[in-house]
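# Structure at a glance
Each chain, letter by letter, is given below.
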Amino acid sequence: MFDSITIVGVGLISGSFSLALKDKGLVRNVIGVSRTKASLDRALELGLIDEALPLEEAVRKSDLIYVAIPVDVTVPMMRTIMDLVTDRQVVTDAGSTKQALCESPADHPMRDRFVAAHPMWGTEYSGPEAAVHNAFVGRSCVICEKEKSAADALDMVEGLYRDMGMHMVYMDAGSHDMHAAYISHISHITSFALANTVLEKEKEESAIFELAGGGFESTVRLAKSSPAMWLPIFMQNRENVLDVLNEHISQLRKFKACLEKENADYLRELMENANRIRRIIK
């Protein structure tokens, strides 16, 4: 059991992480660090944290520091935290991009106290109210550059996620960012774009509300995601996102050409080929 851990950022991922630790009886005290007092007050009210402290004081009191903030501010935050930690503490993150984060502290003397991790779970909601129990059960957690983390630090982070019901996947930071672009980042861009398409065509929002069915709802759900979180992800992973976006646009052009040329046979072939995704998603 941990005596104290700090969560930097008190939103969806960190709040759910805290709830999982508390539900499993793995921590006595959770400290919250945030730029906004309102978020800290709400996190206290919801029982996600037990106290709120400034960063330096929080780090000094903690065995584990868990960073779950937008990826553009994670890099400088991680440097600050690693300047504060000792060789008895562990630092980990939950960011959706990894290459920039792993490159930044590469030469830091406390680099081996850091475990680069990405629990593959999330929703379109944000803030302390978005945190839920049992969030990570049955999901995968990607660990990047595990060989650069101290054995005890790696064991601690792996053990926590396994206790939460996750299984581990290992890869280098560049591979993580490429795969994340294909399975996560493109889904969000597509959803944002579809929402804008519908909003542009349907000036009467009441019509959208009245006619929207389950298919539309599930497809456009991610468009409710926070721009403050997703803008930095798209920009940090720009090259990989552009690669997958170009392929996606190419696929859309094929569907468009089939309809323009009334080519039902090829249209059916495209859809049947897409059905192969059943092998991956049951």
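Residues numbered from 1 in each chain as written. Predicted model: local features only at pLDDT ≥ 70, side-chain atom pairs only at ≥ 80, totals over all residues. Heavy atoms only, no water.

### Focus: the packing of helix α7 (residues 173-201) against helix α10 (residues 227-236)
When two helices pack together, their arrangement is given by the angle between the helix axes and the distance between those axes. For clarity, the threshold we go by: Angles shown run from 0 to 180 degrees and are taken between the N-to-C directions of axes, each axis being a line fitted to C-alpha atoms and, for helices, limited to the stretch in contact. For helices the rule is a DSSP run of H or I covering at least 4 residues; for strands it is a run of E covering at least 2, with both sets numbered from the N terminus onward. Angles are sorted into four bins: roughly parallel if under 35 degrees, roughly antiparallel if over 145, roughly perpendicular if 65 to 115, and oblique for all others. The crossing is said to be left-handed when, going from far helix to near helix, the turn is anticlockwise and less than a right angle, and right-handed when the turn is clockwise. Only heavy atoms matter for contacts: two residues are in contact if any of them lie within 4.5 Å across the pair. For this classification, the nonpolar set comprises Ala, Val, Leu, Ile, Met, Phe, Trp, Tyr, Cys and Pro, the charged set comprises Asp, Glu, Lys and Arg, and every other residue, Gly included, is treated as polar.
For the pair α7 and α10, the least separation of the axes is 11 Å and the interaxial angle reads 120°. The orientation of α7 relative to α10 falls into the category oblique. In the packing of α7 onto α10, the handedness of the crossing is left-handed. Mapping the contact onto sequence places Ser184, His185, His188, Ile189 and Phe192 in α7 and Trp230, Ile233 and Phe234 in α10. When grouped by side-chain class, the residues that make up the contact of α7 with α10 number five nonpolar, three polar and no charged.

### With respect to helix α4 (residues 71-82)
Going by this rule: What a helix should span is 1.5 Å times the count of its residues minus one. Burial status follows relative accessibility: with a 1.4 Å probe on protein chains alone, a residue under 20% of its type maximum counts as buried, one over 50% as exposed, and anything between as partly exposed. This arc is built from the directions going out from the helix axis to the C-beta atoms.
Taking 1.5 Å of rise per residue, the 12 residues of α4 would be expected to cover 16 Å, and the 16 Å separating its terminal C-alpha atoms lies within 8% of that figure. Residues Val71, Thr74, Val75, Met78, Ile81 and Met82 constitute the buried set of α4. Across the axial projection of α4, the buried residues extend over an arc of 135°, all falling on one side.

### What to know about the pattern of salt bridges
Side-chain pairs of opposite charge can arise where the charged atoms are in close proximity. Applied cut-off: A pair is scored as a salt bridge if a Lys or Arg side-chain nitrogen falls within 4 Å of a carboxyl oxygen belonging to Asp or Glu.
This structure, assessed with the given rule, holds 16 salt bridges. In this structure, Arg42 and Glu129 form a salt bridge, with 3.1 Å as the shortest nitrogen-oxygen distance. Residue Arg42 is located in helix α2 (residues 37-46), and its partner Glu129 is located in the loop between β6 (114-119) and β7 (140-144); the two are separated by 87 residues in the primary sequence. Among the residues examined, Glu129 registers a relative accessible area of 49% and is labelled partly exposed. In this structure, the salt-bridge partner of Glu145 is Lys148, at a minimum N-O distance of 3.5 Å. Looking at Lys148, the relative accessible area reads 40%, which means it is partly exposed. Each of Arg42, Glu45 and Glu129 takes part in one network of salt bridges that share partners.

### Things to note about the nonpolar core
Definition in use: Buried Ala, Val, Leu, Ile, Met, Phe, Trp, Tyr and Cys residues that are joined via side-chain atoms within 4.5 Å together make up what is termed a nonpolar core.
Ile5, Phe17, Leu21, Phe136, Ile143 and Tyr161 are the most contacted members of the largest nonpolar core, which totals 39 residues. Contributions of two or more residues to this core are made by β1 (2-8), α1 (12-23), β2 (27-33), α2, β4 (64-67), β6, β7 and α6 (151-163). The element contributing the most residues to this core is α1, with six residues. Excluding residues within four positions of it along the chain, Tyr161 makes contact with Phe17, Tyr66, Asp93, Ala117, Pro119, Cys141, Met166 and Met168. Val33, Leu55, Ile65 and Val142 belong to the second largest nonpolar core, which has 25 residues in total.

### So, the environment of Val73
Assignment of secondary structure puts Val73 in helix α4. Spatially, the C-alpha atoms of Val73 and Pro232 are 8.8 Å apart, while their sequence positions differ by 159 residues.

### Examining the packing of aromatic side chains
Let me state the cut-off plainly: Pairing of aromatic side chains requires ring centres within 6.5 Å, counting the rings of Phe and Tyr and the six-membered ring of Trp. Pairs whose planes differ by under 30 degrees are stacked, by over 60 edge-to-face, and all others tilted.
Scanning the model with the defined rule gives six aromatic pairs in all. Aromatic side chains Phe17 and Tyr66 sit 3.7 Å apart centroid to centroid with 10° between the ring planes, which places their arrangement in the stacked category. Separated by 49 residues along the polypeptide, Phe17 in helix α1 and Tyr66 in strand β4 bring together distant segments of the chain. Tyr66 sits in the buried class, given a relative accessible area of 0%. Look at Phe136 and Tyr161: their rings are 6.2 Å apart centre to centre, the planes differ by 80°, and that puts the pair in the edge-to-face class. Residue Phe136 is located in the loop between β6 and β7, and its partner Tyr161 is located in helix α6; the two are separated by 25 residues in the primary sequence. We classify Phe136 as buried; its relative accessible area is 1%.

### Description of a nonpolar patch on the surface
Put simply, the test is: Each patch is built from residues that are more than 30% exposed by relative accessible area and take part in no salt bridge. Like charges join if they lie within 9 Å; nonpolar side chains (Val, Leu, Ile, Met, Phe, Trp, Tyr) join within 5 Å. Note on areas: Shrake-Rupley with a 1.4 Å probe; residue coverage comes only from the protein chains shown.
The grouping of Met178, Tyr182 and Ile183 at the surface amounts to a nonpolar patch, some 300 Å² of accessible area in total. Note on placement: Ile183 falls in helix α7.

### Here's the deal with the state of the cysteines
Linking two cysteines covalently through their sulfur atoms gives a disulfide. What counts, and what does not: Counting rule for disulfides: a pair of cysteine sulfur atoms within 2.5 Å.
Counted under the stated rule, the structure contains zero disulfides. The closest cysteine sulfur to the non-disulfide-bonded Cys102 is located on Cys144, 5.5 Å from its own sulfur.

### Structural notes on α6
In a regular helix each residue adds 1.5 Å, so 13 residues correspond to 18 Å; α6 covers 18 Å between its end C-alpha atoms and thus fits that length. Where α6 is concerned, the buried positions are Ala153, Leu154, Val157, Glu158, Leu160 and Tyr161. Seen end-on, α6 carries its buried residues on one side only, within an arc spanning 160°. In α6, those exposed residues whose orientation departs by more than 90 degrees from the buried face are Ala151 and Asp155.

### Some words on the sheet that holds strand β8 (residues 167-171)
Worth spelling out the cut-off: A pair of strands is considered paired only if DSSP assigns at least 2 bridges between the two.
Strand order in the open sheet formed by eight strands is β3-β2-β1-β4-β5-β6-β7-β8, with mixed pairing between adjacent strands. The sheet is open, and its two edges are formed by β3 (51-52) and β8, each paired on a single side. Here four bridges tie β4 to strand β5 (residues 90-93), and the two strands are oriented parallel to one another. Within the sheet, the bridge partner assigned to Tyr66 lies in β5 and is Thr92. Helix-sheet contacts for α7 involve β6, β7 and β8, and the interaxial angle to β8 is about 115°.

The values are spatial; any link to function lies outside them.
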